[in-house]
Amino acid sequence: MAAIYSLYIINKSGGLIFYKDYGSAGRMDTNDTLRLASLWHSMHAISQQLSPVSGCSGIELLQADTFDLHCFQSLTGTKFFVISEPGVQHMEGLLKCIYELYTDYVLKNPFYEMEMPIRCELFDINLSQAVQKDRVALLGR
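Residues numbered from 1 in each chain as written. Predicted model: local features only at pLDDT ≥ 70, side-chain atom pairs only at ≥ 80, totals over all residues. Heavy atoms only, no water.

> Which residues make up the packing of aromatic side chains, and what values go with them?
In total, this model carries nine aromatic pairs according to the counting rule given. With a centroid separation of 6.3 Å and 40° between ring planes, the pair formed by Phe72 and Phe80 is classed as tilted. Each member of the pair, Phe72 together with Phe80, is buried. Their ring planes at 80° and their centres at 5.6 Å tell us that Phe80 and Tyr99 sit as a pair that is edge-to-face. In this pair, Phe80 sits in strand β5 (residues 79–84) while Tyr99 sits in helix α2 (residues 91–107), placing the two residues 19 residues apart along the sequence. Aromatic ring contacts, followed pair by pair, group Tyr8, Tyr19, Trp40 and Phe81 into a single cluster. (Phe/Tyr/Trp six-rings, centres within 6.5 Å; stacked < 30°, edge-to-face > 60°. Buried < 20%, exposed > 50% of the residue type's maximum accessible area, 1.4 Å probe, protein only. Helix = DSSP H or I, 4+ residues; strand = E, 2+ residues; numbered from the N terminus.)

See the structure below:
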């Protein structure tokens, strides 16, 4: 069923503020998830500087044999990336939906402090529903 392996949200400083595993076969421990988030932040920044195209916003898709990594960067520098099965299409729409949930349920939460880990029950509930809806839509294609 799976399509999506995991979701990461990284603040503009490169710190991991949210991680959700969706049952991937090779689970990572906390240190590995922090390392991966930091590494992706660095690679994304370097790709912006090395790109021959002016105004490049960084890597949006990284394809490997066993997974694809899809990334969306907001205007504030917060990065949302999803690790999925190889060849899965239309992840940009899911990432934008996740960003909308982030703005609606995290940024508008008066108790949330910017750049800090996300602890918001409404965000978690709506995120689970959005991912489930996306999985159902992928099965229908």
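Having seen it, we continue.
> Before we move on, could you go through the state of the cysteines and cite the residues and values that matter?
Cysteine pairs can be linked by a disulfide, which is a covalent bond between their two sulfur atoms. Considering all chains together, one arrives at zero disulfides under this definition. Cys71 provides the cysteine sulfur closest to Cys56, a residue in no disulfide bond, and the two sulfurs are 11 Å apart. On the accessibility criterion, Cys71 (9% relative accessible area) is buried. (Disulfide = S-S within 2.5 Å.)

> Now, about the sheet that holds strand β4 (residues 68–73): what can you tell me, with residues and values included?
In space, the five strands of this open sheet follow the order β2-β1-β5-β4-β3, with antiparallel pairing throughout. Taken across any chain shown, the strands that pair with only one partner, and hence form the sheet edges, are β2 (16–21) and β3 (61–63). On average, adjacent strands in this sheet sit at an angle of 10° to one another, irrespective of strand direction. Across five bridges, the pairing between strand β1 (residues 4–10) and β2 is antiparallel. Paired with Ser6 across the two strands is Asp21, which belongs to β2. Docked against the sheet, helix α1 (residues 30–50) engages β1, β2, β3, β4 and β5, running at close to 115° with respect to β5. (Pairing = 2+ DSSP bridges. Axes fitted to C-alpha atoms, helices over the stretch in contact; angles between N-to-C directions. Contact = heavy atoms within 4.5 Å.)

Keep in mind these values describe shape, not function.
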